[in-house]
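In case you want the letters, here they are:
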Amino acid sequence: MTNVAVDLGAQQPSLHTHKHDAAAVAAAARHAEGQQHPIKLYLVVWGWLFVLSTCSYLVDYFGLHGYLRWSLILLFMVLKAGLIVAVFMHMAWERLALAYAILLPPVLVLVFVAIMVFESEYTHLIRVLFFASPT
């Protein structure tokens, strides 16, 4: 009989290569599927949207008036929009630069609207004081 020596060390790199290829295929399959978020996250967001909508309707139900009413309605609206943008539009998982590119322009528009409101109040005050005309 002949003794045949088997060199297992020579076969080992091919085993490592096979393991590495399998891991790469599995990673590619996960990447192709896309990132999956747990259903619990969506159910919690839907619950919060329901609660915020209920609070918004309760503002009208209790008959609040004036600045308090509009402040609460706008607050609930902004909170609901923030939840929708963050979770359903996946903005919470985006890069910060993209979030700034999408969220910064509406914030700047609101700042400019606030400046225009202050300017209009000043103009109205000047007209009333100097021209005695309320319009």
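Residues numbered from 1 in each chain as written. Predicted model: local features only at pLDDT ≥ 70, side-chain atom pairs only at ≥ 80, totals over all residues. Heavy atoms only, no water.

**Focus on the UniProt feature "transmembrane region" (unreviewed entry) in the chain**
Alright, step 1. Within this structure's numbering, the places UniProt gives as "transmembrane region" (unreviewed entry) are residues 39-59, 71-91 and 97-118.
Alright, step 2. This span, residues 97-118, is 100% helix and 0% strand, and a straight line between its end C-alpha atoms measures 31 Å. (UniProt positions renumbered as here; feature names shortened; annotations may be inferred. Helix = DSSP H or I, 4+ residues; strand = E, 2+ residues; numbered from the N terminus.)

**Remarks on the pattern of salt bridges**
Alright, step 1. Throughout the structure, instances matching the rule amount to 1 salt bridge.
Alright, step 2. Close ionic contact of Arg69 with Asp60 constitutes a salt bridge, the shortest N to O distance being 2.8 Å.
Alright, step 3. Arg69 sits in the partly exposed class, given a relative accessible area of 24%.
Alright, step 4. By relative accessible area, Asp60 is classed as partly exposed at 42%. (Salt bridge = Lys/Arg side-chain N within 4 Å of Asp/Glu carboxyl O. Buried < 20%, exposed > 50% of the residue type's maximum accessible area, 1.4 Å probe, protein only.)

**Describing helix H2 (residues 39-61)**
Alright, step 1. Between the first and last C-alpha of H2 there are 33 Å, a value that for 23 residues agrees with the 33 Å anticipated at 1.5 Å per step.
Alright, step 2. Buried-residue contacts for H2 involve helix H3 (66-88).
Alright, step 3. Looking at the residues trailing H2, positive phi occurs at Gly63, about 75 degrees. (Expected span 1.5 Å × (residues − 1). Contact = heavy atoms within 4.5 Å.)

**Some points on H3**
Alright, step 1. The end-to-end C-alpha distance of H3, which contains 23 residues, comes to 33 Å, matching closely the 33 Å that a straight helix rising 1.5 Å per residue would cover.
Alright, step 2. Within the span of H3, buried status applies to Ile73, Phe76 and Val87.
Alright, step 3. Contact partners of the buried residues in H3: H2.
Alright, step 4. At the C-terminal side of H3, His90 shows a positive phi close to 60 degrees.

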